[in-house]
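Examination of the molecular architecture
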Amino acid sequence: MGTRACPHRPRDDPDRAPTRVRCRDCGATHILLPTALQVRRADTAEVIGNALAHKAKGLGFRRIAERMGRPESTVRRWLRRTTGEHVQWLHRRGTERLGLVAREAFCTIRYVGNPLGDALCVLSAAAVEDRRRFGFPDPPWDLIGIYTQGRLLSPPRSG
């Protein structure tokens, strides 16, 4: 019985294989993901981020799943992973990046009045400023994926 290849990364296409690196300090092997991907998720930062944006606007998981063409169970699982503590962590990540790039941009942010929406606003503002100031060609959600270390949904690591 053979192993099933991932449909997104054909086994016979070496250009699509994930990049692996060995850490000099601990000797462990790590897989480097493209910035558009999220850790342990089949969907991109853009897809998951748009689902979170819909949640911030008050939509429920069924309507979000219908709009995005994803299974209800998947969207429900995503939304359950956006706990209060994690939303605060997302906000902090956006605030740290925006503070480094364009501190004056804080006065232009229009907060939406809920923690998730506000975190996404700050993350988006940081991505817009990075693109504007440094000419980064990456889409905003890819940059947000970088700021959140590929963890739009996972709880933040302690440490």
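Since the model is a prediction, treat every value here as computed from it, not as a measurement.

1. Focus: helix α2 (residues 61-68)
Buried within α2 are the following residues: F61, I64, A65 and M68. Each buried residue of α2 lies within a common arc of 100° when the element is viewed along its axis, so the set occupies one face. Within α2, the exposed residues directed more than 90 degrees away from the buried face are R62, E66 and R67. If you follow the buried residues of α2, they end up packed against α1 (45-56) and α3 (72-80). Of the residues flanking the end of α2, it is G69, one or two places downstream, whose phi is positive at about 70°.

2. A few points about the nonpolar core
Within the largest apolar cluster, 36 residues are counted, with the highest numbers of intra-cluster contacts made by L52 and L152. Among the secondary structure elements, those contributing two or more residues to this core are α1, α2, α3, α4 (84-101), α5 (115-134) and α6 (140-147). With 8 residues, the single largest contributor to this core is α5.

3. Some details on the pattern of salt bridges
A side chain with one charge can pair with a side chain of the opposite charge if their charged atoms come near. A full pass over the atoms with the stated rule returns 5 salt bridges. The residue R97 makes a salt bridge to D130 at a minimum N-O spacing of 2.8 Å. Of this pair, R97 sits in helix α4 while D130 is found in helix α5, placing the two residues 33 residues apart along the sequence. Owing to a relative accessible area of 1%, D130 belongs among the buried residues under this scheme. The partner of E129 in a salt bridge is R132, with the nearest N and O atoms 2.7 Å apart.

4. Re the packing of aromatic side chains
As enumerated under the stated definition, the model contains 1 aromatic pair in all. On the numbers, 5.6 Å between centres and 35° between planes, the contact of F134 with F136 is tilted. A relative accessible area of 31% places F136 in the partly exposed class.

Reading the values: rules and limits
Residues numbered from 1 in each chain as written. Predicted model: local features only at pLDDT ≥ 70, side-chain atom pairs only at ≥ 80, totals over all residues. Heavy atoms only, no water. Buried < 20%, exposed > 50% of the residue type's maximum accessible area, 1.4 Å probe, protein only. Helix = DSSP H or I, 4+ residues; strand = E, 2+ residues; numbered from the N terminus. Arc of directions from axis to C-beta. Contact = heavy atoms within 4.5 Å. Core = buried A, V, L, I, M, F, W, Y, C linked by side-chain atoms within 4.5 Å. Salt bridge = Lys/Arg side-chain N within 4 Å of Asp/Glu carboxyl O. Phe/Tyr/Trp six-rings, centres within 6.5 Å; stacked < 30°, edge-to-face > 60°.

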